[in-house]
Amino acid sequence: MTNRNPLASTLVASAIIACAAAAPSSAQSSPFHDLVAIDRAVAAFTGAGIGEPGGATLPVDRRLRLAACRSPLSLDWQGNRQDTVLVQCPDAGGWRLFVALSGNARQAPAAAPAVSRGEAVTITAAGEGFSVAQSGEALDSGALGSWIRVRTSARATPIRARIERPGLVVVPID
């Protein structure tokens with residue numbers, strides 16, 4: 001007959017529970033939003049990676065415990081200088097997060113604006129084997145190479161485009 005040690009049994013049971021909790025499971029979803037996914041969304045929105053000019057200064061703080069967001073994240077510029085990105089979860093009771101951006105030499109104040117707010121611009125989108133151009137309006141001012149918001153008509157949702165030359169903005173298509 002074996003003599004079982006209750007402390008050893010408790011330790012083994014605790015170790016099994018800890019391993020099960022640490023193991024990834026496709027059937028079990030996290031109650032928290034994936035912070036790496038937020039970093040990727042900000043990089044896609046700004047067109048620059050973490051630490052690059054125009055990209056996030058730092059990764060999102062890994063200590064944050066943001067509720068999982070079922071809807072696609074909403075990203076927009078915060079402030080006139082476009083040095084912060086506002087990331088929001090549009091779900092009821094959702095959260096919002098401000099991500100600071102690294103300095104962008106292309107948006108330096110010394111550079112003269114190539115496009116002014118309210119100016120008529122040509123919006124171009126091009127991909128493999130096609131190119132589309134449409135007139136629109138600049139919603140922000142910016143220098144060559146900077147990113148601004150533009151829209152195609154008064155009621156259209158604004159989109160981000162890069163200033164190629166005065167009067168011409170480009171919407172990149174991957």
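Summarised in this report is the structure supplied together with it. Within any chain, residue numbers begin from 1 and follow the written order of that chain's sequence. Residue-level local features of this predicted model are given only where pLDDT is at least 70; pairs of side-chain atoms are given and counted only at 80 or more, and the full residue set underlies all totals for whole chains, interfaces and linings. By convention in this description, side-chain values take in all heavy atoms of the structure and omit both hydrogens and water.

We call a pair of cysteine sulfur atoms a disulfide when they lie within 2.5 Å. Tallied over the entire structure, the rule returns 1 disulfide. Disulfide pairing is shown between Cys69 and Cys89; the S-S distance is 2.2 Å. Disulfide Cys69-Cys89: torsion about the S-S bond near 95 degrees, hence right-handed. With Cys69 in the loop between helix 2 (35-46) and strand 1 (74-78) and Cys89 in the loop between strand 2 (84-88) and strand 3 (96-100), this residue pair connects regions lying 20 residues apart in the sequence. Partly exposed describes any residue whose relative accessible area lies between the buried limit of under 20% and the exposed limit of over 50%, with all areas from a 1.4 Å probe on protein chains only and scaled to the type maximum. We classify Cys89 as buried; its relative accessible area is 6%. The numbering of helices and of strands both runs from the N terminus, where a helix is a DSSP run of H or I of at least 4 residues and a strand a run of E of at least 2.

Pairing within the closed barrel is mixed, and its 5 strands lie in the order 4-5-6-7-8. Going across the sheet, the axis of each strand differs from the next one's by a mean of 50 degrees, ignoring polarity. Strands qualify as paired when DSSP identifies two bridges or more between them. Summarising the sheet, strand 7 (residues 159-165) and strand 8 (residues 168-172) pair through 3 bridges and their orientation is antiparallel. Across the sheet, the residue bridging to Arg165 is Leu168, located in strand 8. Fitted lines through C-alpha atoms serve as axes, helices being fitted only where they are in contact, and the angles separating the N-to-C directions of these axes extend from 0 to 180 degrees.

All right, on to the sheet that holds strand 2 then. Strand pairing in a sheet is mediated by backbone hydrogen bonds. Such pairs are either parallel or antiparallel. The strand order across the open sheet built from 3 strands is 1-2-3, with neighbouring strands paired in antiparallel fashion. In this open sheet, the two strands that pair with only one neighbour each are strand 1 and strand 3. The sheet shows a mean angle of 25 degrees between the axes of neighbouring strands, direction not considered. Relative to strand 3, strand 2 runs antiparallel, the two being bridged by 5 bridges. The residue bridging Leu86 from the neighbouring strand is Phe98, located in strand 3. Only heavy atoms matter for contacts: two residues are in contact if any of them lie within 4.5 Å across the pair. Across the sheet, helix 2 touches strand 1, strand 2 and strand 3, and the angle it forms with strand 1 is around 55 degrees.

The values reported here are purely geometric and, on their own, carry no functional implication.
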